[in-house]
Amino acid sequence: MDRSPTDLLHGTLDVLILKTVSWGPRHGYDIARWIEDRTRGELIVEDAALYKALHRLERARWISAEWGMSESRRRAKFYDLTTRGRQQLKSEMQVWHRYAVAVSAVLEVA
């Protein structure tokens with residue numbers, strides 16, 4: 001059974017969002033576009049999953065939200081990383097790096 005790289009997104013979206021907003025405030029569409037661009041189209045974030053994750057991260061106080069104007073002069077909610085979110089991102093990145101090394105060790109066995 002072939003799996004799309006986007007199937008792997010489940011369970012990783014929170015850390016991807018945290019990393020994306022660590023570069024500065026972004027609105028939802030911009031977050032999704034940045035992830036897609038950064039992964040050269042391998043990961044596409046669906047709107048429903050994105051906004052569900054953004055609300056979850058906001059409730060956890062890992063991101064904050066503020067209304068502003070997008071590049072297209074539309075009203076949009078901009079999300080930014082909080083101090084708690086920066087700590088969480090650091091922790092999550094350590095876990096993901098260990099996980100990636102472990103999975104690579106298994107996959108690289110001849």
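So, a few notes on the structure that sits alongside this text. (Residues numbered from 1 in each chain as written. Predicted model: local features only at pLDDT ≥ 70, side-chain atom pairs only at ≥ 80, totals over all residues. Heavy atoms only, no water.)

Glancing now at the pattern of salt bridges. Overall, the coordinates contain four salt bridges when judged by the stated rule. Note that Arg56 and Asp14 form a salt bridge whose closest N and O atoms lie 2.6 Å from each other. In this pair, Arg56 is assigned in helix H3 (residues 47-59) and Asp14 in helix H1 (residues 13-21), connecting sequence segments 42 residues apart. (Salt bridge = Lys/Arg side-chain N within 4 Å of Asp/Glu carboxyl O. Helix = DSSP H or I, 4+ residues; strand = E, 2+ residues; numbered from the N terminus.)

Next up on the list: the environment of Ile63. Take Ile63: it is sitting in strand S2 (residues 63-69). Taking the relative accessible area as the measure of exposure, Ile63 reaches 3% and is therefore buried. With 15 residues separating them along the chain, Ile63 and Phe78 place their C-alpha atoms 9.8 Å apart. (Buried < 20%, exposed > 50% of the residue type's maximum accessible area, 1.4 Å probe, protein only.)

Within this structure, the stated rule accounts for one aromatic pair. Between the aromatic rings of Trp96 and Tyr99, the centroid separation amounts to 5.1 Å while the plane-to-plane angle is 85 degrees, which identifies the pairing as edge-to-face. One end of the pair is Trp96 and the other is Tyr99, both in helix H4 (residues 83-107) and three residues apart, which spans about a single turn. Directly above the aromatic system of Trp67 lies the positively charged group of Arg75, at a separation of 4.3 Å from the ring centroid. (Phe/Tyr/Trp six-rings, centres within 6.5 Å; stacked < 30°, edge-to-face > 60°. Lys NZ or Arg CZ within 6 Å of the ring centre and 35° of its normal.)

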